[in-house]
Amino acid sequence: MAGLKKRSVNLAGHATSLALEPEFWAVLDDAASAEGLSLAALVQRIDSARGGRPLASACRVFALSRAGGQNPPNAL
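A short tour of the structure in this document, coming up. Residue numbers here run from 1 along each chain, matching the order of that chain's written sequence. Under the rules for a predicted model, residues below a pLDDT of 70 receive no local features and side-chain atom pairs below 80 are neither given nor counted, while totals for whole chains, interfaces and linings still include all residues. Only heavy atoms go into the side-chain values, all of them from the structure, while hydrogens and water stay out.

## Notes on the pattern of salt bridges
Okay, so step 1: Any Lys or Arg side-chain nitrogen located within 4 Å of an Asp or Glu carboxyl oxygen qualifies as a salt bridge. Under the criterion given, the structure shown has four salt bridges.
Okay, so step 2: Of the charged contacts in the structure, one is a salt bridge between aspartate 29 and arginine 7, with a shortest N-O distance of 3.1 Å. Taken together, the positions of aspartate 29 in helix α1 (residues 22-35) and arginine 7 in strand β1 (residues 5-11) put the pair 22 residues apart, joining distant regions of the chain.
Okay, so step 3: Notably, a salt bridge pairs arginine 66 with glutamate 35, separated by 3.6 Å at the nearest N-O pair. Here arginine 66, found in helix α3 (residues 55-67), pairs with glutamate 35, found in helix α1; they are 31 residues apart in sequence, far enough to count as distant.
Okay, so step 4: Accessibility expressed as a relative area gives 25% for arginine 66, which makes it partly exposed.
Okay, so step 5: Only protein chains enter the accessibility calculation, which uses a 1.4 Å probe. A residue is then buried if its area is under 20% of the maximum for its type, exposed if over 50%, and partly exposed in between. Residue classification places glutamate 35 among the partly exposed positions, given a relative accessible area of 40%. Each helix is a run of H or I in the DSSP string that is no shorter than four residues. Each strand is a run of E no shorter than two, and both are numbered from the N terminus.

## Here we look at unusual backbone geometry
Glycine aside, residues mostly have negative phi angles, and peptide bonds mostly take the trans form.
Okay, so step 1: Positive phi, close to 55°, is recorded for alanine 12, a residue that is not glycine.
Okay, so step 2: Structurally, alanine 12 is set in the loop between β1 and β2 (14-20).
Okay, so step 3: Its relative accessible area of 68% is what places alanine 12 among the exposed residues.

## Some words on the nonpolar core
Okay, so step 1: What is meant by a nonpolar core is a set of buried Ala, Val, Leu, Ile, Met, Phe, Trp, Tyr and Cys residues, joined one to another through side-chain atoms within 4.5 Å. In this structure, Leu28 and Ile46 are the most contacted members of the largest nonpolar core, which totals 18 residues.
Okay, so step 2: Only β1, β2, α1, α2 (39-49) and α3 provide two or more residues apiece to this core.

## Notes on the pairing of β1
Okay, so step 1: Note that β1 and β2 share seven bridges and pair antiparallel. The partner of arginine 7 across the bridge, within β2, is leucine 18.
Okay, so step 2: By the convention used here, strands pair only if DSSP detects at least 2 bridges between them. Between β1 and the antiparallel strand that follows it, β2, lie two residues; alanine 12 among them carries a positive phi value of about 55°.

Structure below.
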């Protein structure tokens, strides 16, 4: 896997920097597109359902579940 790629997303009115591997960003981009959402809106959904898990971890779990054909836990 390549190094981390940082992106900024706006969550609840605050700019948040999120660093993930490009492969995870690709799955998140595809998921957002498939749901007719912006990437920021998808990350907001993941954020609201993540509980105490760090946001980057929650995004990775979502992406792994999505890529594996499973319903991602606690999101969408």
